[in-house]
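Coordinates in review
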Amino acid sequence: MAVYPNMNELNTRSKYSAWNLFAAAPSHQDWAPAWRQAEPKPRYDAIIIGGGGHGLATAYYLAKNHGVTNVAVLEKAWIGGGNTGRNTTIVRSNYLYPQSARLYDFALKLYEGLSTELNFNIMLSQRGLITTAHSRHDLDNLSRWANAMLFNGIEAEILNAQQVRELAPRLNFSPNARYPILGGVIQRRAGTVRHDAVAWGYARGASALGVDIVQDCAVTGFIKQGNRVVGVQTTRGEIRADKVAMAVAGNSSQLAAMAGVRLPVTSYSLQAMVSESVKPVLDTVVLSPAVGTYWSQSDKGEIVFGGALDLVPSYAQRGSFAISQQVLAATAEMFPSFGRLRVLRQWAGTVDVVQDSSPIIGSTGVPGLYINCGWGTGGFKTIPVGGWTLAHLLATGKNHELAEPFQLERFHSGRLIDEAGAAGIAH
Amino acid sequence: MMTLNCPWCGARPDNEFNCGGTSHIQRPALDCSDETWGDYLFGRTNPRGLHAERWRHTFGCGQWFNVLRDTVSHEIHAVYRMTDPKPQAAREILP
């Protein structure tokens, strides 16, 4: 159990503002901790399992939008330490189908107002995301994609080769390039967000509204009354609740199985890596479907890049060398000047992939038990909407309009939303 | 790079292979319910630990075979042919 020093009543400065920065004690020891280290109570109105972005956002919106504050977020390790801390921080809403476009763009809109909403700088940088085209077929496909986005009311702009070059001059425009760049499409509202800040901001906001954030508390089973889930067994004792929700990404199958629920989920490793830090060289996000890799530069100067899934079921949280090699080869080809950079870190997260690449936000079929999963490789960008819609369901008992198409029943009815075609990378 | 033992070609690097997902899934009767059919198509145990799965030596002999592999350590416990029965360890974890 983590113990934080300086955590006493004297540390009361909690609002982040220029005035408080100025008025704080000389060595800033009077700042309140961003969130309370809560001990689990025996009973809550709602329990959310998983202290990642989705779980914390759910707790925040339960308290903020619905006034349900007797809520606990149970995290087996530390908050934001799973996929929330392992993604490449990109946010975008360039999806193909109306249902997905509505959902993902709602998330992006919430991200646009989140720093103000949470009084926590999430460092949203809407630097634009360029998808490159390397053949006539790519150009046709990107036109279709951009038009679909425009029909869905989401801005998209088709770029010619010269425009791509002006935005990302370090891309390989050599006449000998193996993947000549013929053009692209840009979503200018897309960009990056500081990932830890999203977890910490929601945790701070939720905690201030009365939510208990309980770390080092792994769920080991469900307490049932008849068929109904009425609580959870944890490594820190039994906790009862009217409603229990799961937001545990790659561990969804394991957790749901404890309640007798079988999911259409397979867990895979999705890897990413960063280079050493360099001066600003890339101020957009670039994605090349042809080589299956995407790049951006962090505020620290690292080139952040990743690629396709390791298509082997895995809970290892580490990627294969085969994919690393593919991503690095693509990087050296598409950005020849990056070939001289050294790789600083490489890691992977365990992502929850469903066959139609669309999420599941709804009931599990077991009364009292709800789920938010199936985001696969795209969970980070959807944290606000995942939390918003799950909170709506927990508070009102009804699916949020945006989440209605994303129910578990679609795997029986066949009404799939096959977004695989619109994912940035063909996984 | 991870090495897999193809039953026909021997040890080869894993990027010569494709994983075809869970093995030993039985198709239910065609007059089953939508729920049963949906579970057959999409429902997966997705175990944390031993997993019996199909692999294909795509960039080699092209043959399919079964592998019993740990999804946490990636350790391979058995390689057996498509028509072979499940190894004992697989029988314990799979229905």
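Residues numbered from 1 in each chain as written. Chains lettered and ligands numbered in written order. Predicted model: local features only at pLDDT ≥ 70, side-chain atom pairs only at ≥ 80, totals over all residues.

Secondary structure assignment for chain B yields two helices and six strands. Counting from the amino terminus, helix and strand elements in chain B follow one another as β-β-β-α-β-β-β-α. C-alpha atoms of chain B, sized along the principal axes, occupy 45 × 25 × 20 Å. For chain B, the residues scored as buried account for 19% of the 95 residues in total. Long-range pairs, those at least 24 residues apart, make up 47% of the contacts in chain B between residues at least 6 apart in sequence. (Helix = DSSP H or I, 4+ residues; strand = E, 2+ residues; numbered from the N terminus. Buried ≥ 20, exposed ≤ 12 C-beta atoms within 10 Å, placed from the backbone. Contact = placed C-beta atoms within 7 Å.)

Let us look at the overall build of chain A. A tally of regular secondary structure across chain A gives ten helices and 18 strands. A compact globule built from 427 residues would reach a C-alpha radius of gyration of about 22 Å, and chain A, at 22 Å, matches this within 12%. With the C-alpha coordinates aligned to their principal axes, the bounding extent of chain A is approximately 70 × 60 × 40 Å. Per-residue burial over chain A gives 51% buried out of 427 residues. Contacts in chain A between residues at least 24 apart in sequence constitute 75% of all its contacts with a sequence separation of at least 6. (Rg over C-alpha atoms; globule rule 2.2 N^0.38 Å.)

This paragraph deals with the interface of chain B and chain A. Each partner contributes residues to the interface: chain B has 19 residues there, and chain A has 20 residues. Mapped by element, the contributors of at least two residues to the side of chain B that touches chain A are α1 (34-42) and β4 (50-56) of chain B. The element best represented in the side of chain B that touches chain A is α1(B), accounting for five residues. Here the side of chain B that touches chain A is composed, by residue class, of five nonpolar, seven polar and seven charged. (Nonpolar A, V, L, I, M, F, W, Y, C, P; charged D, E, K, R; others polar.)

With that settled, consider the packing of helix α2 (residues 53-66) of chain A against helix α6 (residues 195-208) of chain A. Residues and elements named next belong to chain A. It is the contact of α2 with α6, at a shortest axis distance of 8 Å, that shows an interaxial angle of 30°. For the element pair α2 / α6, the angle class is roughly parallel. For the pair α2 and α6, the sense of crossing is left-handed. Where α2 abuts α6, its residues G53, L56, A57, A59, Y60 and A63 lie against V198, A199, Y202, A203, G205 and A206. (Axes fitted to C-alpha atoms, helices over the stretch in contact; angles between N-to-C directions. Parallel < 35°, antiparallel > 145°, perpendicular 65-115°, else oblique. Left-handed = near helix turned anticlockwise from the far one by under 90°.)

Residues and elements named next belong to chain A. With 14 residues, helix α8 (residues 321-334) should reach 20 Å at 1.5 Å per residue; the first-to-last C-alpha distance of 20 Å fits that figure. For α8, the full list of buried residues reads I323, S324, V327, A330, T331 and M334. Considered in projection along α8, the buried side chains sweep an arc of 130° and stay on one side of the axis. Turning to α8, the residues buried within the fold contact β12 (265-277), β13 (285-288), β14 (293-297), β15 (302-313) and β16 (343-354). (Expected span 1.5 Å × (residues − 1). Arc of directions from axis to C-beta.)

Glancing now at the domain arrangement of chain A. Taken as a whole, chain A is organised into domain 1 (39-86 + 195-264 + 356-422) and domain 2 (128-191 + 266-354). Looking at the side of domain 1 of chain A that touches domain 2 of chain A residue by residue, the class counts come to six nonpolar, ten polar and two charged. (Domains from an automatic or database assignment.)

All names here are of chain B. The four strands lie next to each other as β3-β4-β5-β6, forming an open sheet whose pairing is antiparallel. Pairing within the sheet leaves two strands with one partner each, and these edge strands are β3 (18-22) and β6 (76-80). Geometrically, the sheet is characterised by an average inter-axis angle of 30° between neighbouring strands, direction not taken into account. (Pairing = 2+ DSSP bridges.)

We now examine the nonpolar core. All names here are of chain A. Formed by 125 residues in total, the largest nonpolar core has its most connected members in A46, I47, I49, L56, A59, V71 and A245. By residue number, the principal contributor to this core is helix α3 (residues 98-118), which donates eight residues. Residue-level mapping places this core at the junction of two domains, with at least three residues from each of domain 1 (39-86 + 195-264 + 356-422) and domain 2 (128-191 + 266-354). What V71 contacts, discounting residues up to four positions off in sequence, is Y44, D45, A46, I48, A59, L62, A63 and V211. (Core = buried A, V, L, I, M, F, W, Y, C linked by C-beta atoms within 7 Å.)

So, about the pairing of strand β17 (residues 360-363) of chain A. Residues and elements named next belong to chain A. Where β17 and strand β18 (residues 369-373) come together, four bridges link them in antiparallel fashion. Note that in β18 the partner of I360 across the bridge is C373. As consecutive antiparallel partners, β17 and β18 are separated by five residues, and within that stretch G365 has a phi angle of approximately 95°, a positive value.

As a further point, take the sheet that holds β12(A). Residue and element names in this part refer to chain A. Taken together, eight strands build an open sheet; the order of strands is β5-β6-β4-β13-β14-β15-β12-β16 and the sheet is mixed. For this open sheet the edge positions go to β5 (157-160) and β16, each flanked by a neighbour on one side alone. Strand after strand, the sheet turns through a mean of 25° between neighbouring axes, direction not considered. Inspection of the sheet shows strand β4 (residues 129-133) paired to strand β6 (residues 183-187) by five bridges, in the antiparallel sense. Bridge pairing in β6 places A133 opposite G183.

Despite not being glycine, A:M123 shows a phi value in the positive range, around 55°. For A:M123, the position within the fold is in the loop between α3 and β4. Since 17 C-beta atoms lie within 10 Å of it, A:M123 is described here as partly exposed. Notably, B:H74 is not glycine yet its phi reads approximately 65°, a positive angle.

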